[in-house]
Amino acid sequence: MKKILIIIAVIFLILVGALFAIPTFFKQNLLDATKATINKQVNAEVQFADFNLSLFQNFPKVTLELEEVLIIGKNEFQNDTLLNVSFARATTSLASLFKKSGMSIEEITLEKPELKMVVNESGKSNWDLSNSNEPKKIETANE
């Protein structure tokens, strides 16, 4: 019985250690993948200085924190900064990361946001960041 408890304890410690180590050891890979994925999904240039991924800060939720976030328009809005945030945090449930139907974000926190919304002469707005021409439905918690 004592050997079984020791084996279970060792396995548990290895799993907890891995959960702490993955964001630390793979931070640059995660940072590059996050930037590439965001910039591929939106019709703008998204920049941020640093990020932190935590599985324990709001356990059992996953927390993603971004520092010095800038969203800069493309094409006719390339000189406009749509959003400038000193710190942004998003939380989601751990189970939501593995759903095939898509991830749902439960909470977004912005510190010192500066938002500049512009409509040009032709009626196009700088906040329309969608890459596709299809309208997207935004789901809310009340639906």
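Above: the structure in question.
Residues numbered from 1 in each chain as written. Predicted model: local features only at pLDDT ≥ 70, side-chain atom pairs only at ≥ 80, totals over all residues. Heavy atoms only, no water.

Brief notes about unusual backbone geometry
Formally: Strands here mean DSSP runs of E at least two residues long; helices mean DSSP runs of H or I at least four residues long; both are numbered from the N terminus. Burial here depends on accessible area, computed with a 1.4 Å probe over protein chains only, as a share of the maximum for the residue type. Under 20% is buried, over 50% is exposed, and the range in between is partly exposed.
In the Ramachandran plot, glutamate 68 falls in the positive-phi region, its phi being about 50 degrees despite a non-glycine side chain. Structurally, the position occupied by glutamate 68 is in strand S3 (residues 61-73). Among the residues examined, glutamate 68 registers a relative accessible area of 51% and is labelled exposed.

Focus: a nonpolar patch on the surface
The criterion, for reference: A patch consists of residues whose relative accessible area exceeds 30% and which take part in no salt bridge; residues with like charges are grouped when within 9 Å of each other, and nonpolar side chains (Val, Leu, Ile, Met, Phe, Trp, Tyr) when within 5 Å. In this description, accessible areas are obtained by the Shrake-Rupley approach with a 1.4 Å probe, and a residue is regarded as covered only by the protein chains that are shown. Basic side-chain nitrogens of Lys or Arg form a salt bridge, by our definition, when they fall within 4 Å of a carboxyl oxygen of Asp or Glu.
There is a patch of nonpolar side chains on the surface, built from Leu19, Phe20, Phe56 and Phe59 and spanning about 400 Å² of accessible area. Among the secondary structure elements, phenylalanine 20 is positioned in helix H1 (residues 2-25).

Brief notes about the nonpolar core
To be explicit about the condition: Joining through side-chain atoms within 4.5 Å is the link that ties buried Ala, Val, Leu, Ile, Met, Phe, Trp, Tyr and Cys residues into a set, and such a set is a nonpolar core. Should any heavy atoms of two residues lie within 4.5 Å, those residues are considered in contact.
Counting 14 residues, the largest nonpolar core has Phe48, Val69, Ile71 and Leu129 as the members making the most contacts within it. Those elements giving two or more residues to this core turn out to be strand S1 (44-47), S3 and strand S4 (81-93). For this core, the element with the highest residue contribution is S4, accounting for four residues. If we ignore the near neighbours within four places in the chain, the residues touching leucine 129 are Gln41, Val42, Asn43, Ala44, Ile71 and Leu82.

Topic: the environment of phenylalanine 87
Along the polypeptide, phenylalanine 87 turns up in strand S4. Judged by its relative accessible area of 13%, phenylalanine 87 falls in the buried class. For the pair phenylalanine 87 and glutamate 67, spaced 20 residues apart in sequence, the C-alpha separation works out to 4.6 Å. Residues contacting phenylalanine 87, with those up to four places away along its chain left out, are Glu65, Leu66, Glu67, Thr109, Leu110 and Glu111.

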